[in-house]
Amino acid sequence: MFRTPKVLVPAAGVAAVLFAVGCGGSSKSSSNTGASSAPAAPAATTPASSGGAAGGGGTLTLSADPSQLKFDKSTLSAKSGSVTITMDNPSSLPHAIAVEGNGVDKDGQTVQKGGKSTITVDLKPDKYTFYCPVDGHRAAGMEGTLTVS
């Protein structure tokens, strides 16, 4: 006489439930552990509106090159006002973002791989230099021009 082991039936049921849960429906909530498979927002070279009558300013994004001492952009532009620049660092080397010119000289925090260095500066119409303030990086070519109108 052949008997089906009783362990297989519950195990098959659990596997079916896990499969259904793993493949089923949509969920309106998700957890984010810092790594995202969603594409990053496009690098902004046009300012975001700050609203109000004064307008101007905005947010700019750029990234350190993962294999060379350079940024993914050599030029940025913004309207005058409060400008925020965020630099992503996918490189194994530490990097930061800094801006200088027209009386402005501000460095962001140096970050390791996966980090973001951010600065906010009040800028008047002029040309500024953005660069990496980590020793030797600017001299190696990690800089660009920020035009503020």
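Residues numbered from 1 in each chain as written. Predicted model: local features only at pLDDT ≥ 70, side-chain atom pairs only at ≥ 80, totals over all residues. Heavy atoms only, no water.

**As for the overall build of the protein chain**
Helix and strand counts for the protein chain come out as one helix and eight strands. Sorting the 149 residues of the protein chain into buried and exposed places 28% on the buried side. Partitioning the intrachain contacts of the protein chain with sequence separation of at least 6 by distance along the chain shows that 57% fall at a separation of at least 24. Total accessible area computed for the protein chain in this model is approximately 9600 Å², and 56% of it derives from carbon and sulfur atoms. (Helix = DSSP H or I, 4+ residues; strand = E, 2+ residues; numbered from the N terminus. Buried < 20%, exposed > 50% of the residue type's maximum accessible area, 1.4 Å probe, protein only. Contact = heavy atoms within 4.5 Å. Areas by Shrake-Rupley, 256 points an atom, 1.4 Å probe, with all protein chains shown as cover.)

**Quick word on the nonpolar core**
As a rule of thumb, soluble globular proteins bury nonpolar side chains together. Residues L62, F71, I85, I97, L123, F130 and L146 are the most contacted members of the largest nonpolar core, which totals 23 residues. At the level of secondary structure, the elements contributing two or more residues to this core comprise strand 1 (58-63), strand 2 (75-78), strand 3 (81-88), strand 6 (116-123), strand 7 (126-131) and strand 8 (143-148). Discounting chain neighbours no more than four positions away, the residues touching L123 are S80, G81, V83, V104, Y128, L146 and V148. (Core = buried A, V, L, I, M, F, W, Y, C linked by side-chain atoms within 4.5 Å.)

**A look at the packing of aromatic side chains**
Considering all chains together, one arrives at one aromatic pair under this definition. Above the ring of Y131, the side-chain terminus of R138 is found at 4.0 Å from the ring centroid. (Phe/Tyr/Trp six-rings, centres within 6.5 Å; stacked < 30°, edge-to-face > 60°. Lys NZ or Arg CZ within 6 Å of the ring centre and 35° of its normal.)

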